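Each chain, written out:
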Amino acid sequence: MKGWVVRDKGLPRDVFHWESFPEPTHEAMRHLAMDLEGLRERREDEPACANYAFVRVLAAALATPDHTMATGAYPIPIPRPYVSGQEAVGIVEDATPSLAHLKGKRVMGFTPQPFGSFAARTVMALPTIWEVPDAMSDEDAAGFVIPAHTAYHAVHRRGKVQPGETVLVLGAAGGVPSSAVQLCAAAGCRVIAVAGGTEKVDFCRKMGAEIAIDHTREDFVDAVKRIVGDHGIDVIVDFVQGEPGRRARPLLRVEGRHLLCGHAGGLIPIHPHEFYVQNWTLVGVCMGSGYGPALMEIEQKAHDDLMDLVRTGRYRATTSRVISFAEIPAALEDLANRQTFGRVVAKP
């Protein structure tokens, strides 16, 4: 099959090559286990990935990890070569017995490397594969699972936001952050969103932010202080980290929580003294990391709650732009340069 294959480290425009790559097969899967690296060679006495489906790709979503995996900045090294792309919607062509009921069905889910979603066929596996509701388009389904589930994990399971709390979302126009904006608003929080540019700020308001601050026009820390006071934030939902995360932290009120959910602004050291003295809580957020067998139940509860929000009109997919597969490398540069908002989706 043809796909966007990565063999070296560098910018997508330099290391993405549209070329042949082996299709996923049951024989190949017998040698692979799955963890945060994606599908990798299984170790001695380690069970192979046993609950998976082979999916013909109808559309795939772009995200920051597609860029950082290529450059080598992703926190977890990804073995080369691999097909890029972590999320898709498609038709199940074959599956293990546990997922045989999905054959011929339209599904959405996470697509682990090396068989990523920027190709004709990909792999999806439990616990992150679901049948797509008839009312949801391919464009919306392609980019639904990762942002919705990651945001849910951040906001509810890890962040435990409560009605009436004031929540500051950094990098709020991105695919996952804009999902967090929606979920916080649906939970009854007062949401303050920080984004860059008029179009992104308007998008955040449409997602449910009560206040949206354009950091290209004013200092966001000064703006937050003007709105809620020096220490008026209960929760920071931080998909940026770096300097913006460091500067936002003093805005927390006593017993405030800082949720580390992403790394778009880079990773810098955080000294524990800040949290010790101020009675703040630093909360790590990484969907799927370390939960083992419990992850199945965790993801299913998240999905059930999210679909209930979709049915009642309190959550929607954040797809903002649809491109062709040929445009993926250039679009990933746009994403890295913060020239996109919501989810960018590509169709073959």
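Since the model is a prediction, treat every value here as computed from it, not as a measurement.

1. Here we look at the packing of helix 5 (residues 145-158) against helix 11 (residues 295-311)
Point 1. With their axes 10 Å apart at the nearest point, helix 5 and helix 11 run at an angle of 100 degrees to one another. Classified by the interaxial angle, the pair formed by helix 5 and helix 11 is roughly perpendicular. The segment helix 5 lies against helix 11, with Ala148, His149, Tyr152 and Arg157 engaging Ile298, Glu299, Lys301, Ala302, His303, Asp305 and Leu306.
Point 2. Looking at side-chain class alone, the contact of helix 5 with helix 11 contains five nonpolar, two polar and four charged residues.

2. Topic: the sheet that holds strand 6 (residues 82-83)
Point 1. On the basis of which strands lie adjacent, the open sheet formed by three strands has the order 2-1-6 and antiparallel pairing. The strands lining the two open edges of the sheet, one partner per strand, are strand 2 (16-20) and strand 6.

3. Things to note about the pattern of salt bridges
Point 1. Per the stated rule, a full pass over the model turns up 25 salt bridges.
Point 2. Here Arg253 ties to Asp234 by a salt bridge, and the two come within 2.7 Å at their closest N and O atoms. Of this pair, Arg253 sits in strand 15 (residues 252-260) while Asp234 sits in strand 14 (residues 233-238); the two residues are 19 residues apart in sequence, bridging distant segments of the chain.
Point 3. By relative accessible area, Asp234 is classed as buried at 13%.
Point 4. For Arg246, the salt bridge is made with Glu243, and the minimal N-O distance between the two is 2.6 Å. Of this pair, Arg246 and Glu243 both sit in helix 9 (residues 242-248), three residues apart, which is roughly one turn of the helix.
Point 5. Given a relative accessible area of 39%, Arg246 falls into the partly exposed group.

4. Some words on the nonpolar core
Point 1. In this structure, Phe144, Val161, Val167, Val169, Leu183, Cys204 and Val237 are the most contacted members of the largest nonpolar core, which totals 52 residues.
Point 2. Counting residues per element, this core draws most heavily on helix 5, which supplies six residues.
Point 3. For Val169, the residues in contact, after removing those within four places along its chain, are Pro177, Val181, Val191, Ile192, Ala193, Val194, Val237 and Phe239.
Point 4. Counting 45 residues, the second-largest nonpolar core is a separate cluster that includes Leu39, Ala60, Leu99 and Phe118.

5. Remarks on unusual backbone geometry
Negative phi characterises most residues that are not glycine, and trans characterises most peptide bonds.
Point 1. Note that the residue after Arg80, namely Pro81, is joined by a cis bond; omega there is -10 degrees.
Point 2. By secondary structure assignment, the location of Pro81 is in the loop between helix 3 (64-71) and strand 6.
Point 3. A cis amide bond links Leu126 with the next residue in sequence, Pro127, at an omega value of 10 degrees.
Point 4. Structurally, Pro127 can be placed in the loop between strand 9 (121-125) and strand 10 (129-131).
Point 5. In this structure, Glu255 takes a positive phi of about 65 degrees despite not being glycine.
Point 6. Tracing the chain through its elements places Glu255 in strand 15.
Point 7. In this structure, Arg338 takes a positive phi of about 60 degrees despite not being glycine.
Point 8. Within the secondary structure layout, Arg338 lies in the loop between helix 12 (328-336) and strand 18 (343-347).
Point 9. For Arg338, a relative accessible area of 45% corresponds to the partly exposed category.

Thresholds applied
- Residues numbered from 1 in each chain as written.
- Predicted model: local features only at pLDDT ≥ 70, side-chain atom pairs only at ≥ 80, totals over all residues.
- Heavy atoms only, no water.
- Axes fitted to C-alpha atoms, helices over the stretch in contact; angles between N-to-C directions.
- Helix = DSSP H or I, 4+ residues; strand = E, 2+ residues; numbered from the N terminus.
- Parallel < 35°, antiparallel > 145°, perpendicular 65-115°, else oblique.
- Contact = heavy atoms within 4.5 Å.
- Nonpolar A, V, L, I, M, F, W, Y, C, P; charged D, E, K, R; others polar.
- Pairing = 2+ DSSP bridges.
- Salt bridge = Lys/Arg side-chain N within 4 Å of Asp/Glu carboxyl O.
- Buried < 20%, exposed > 50% of the residue type's maximum accessible area, 1.4 Å probe, protein only.
- Core = buried A, V, L, I, M, F, W, Y, C linked by side-chain atoms within 4.5 Å.

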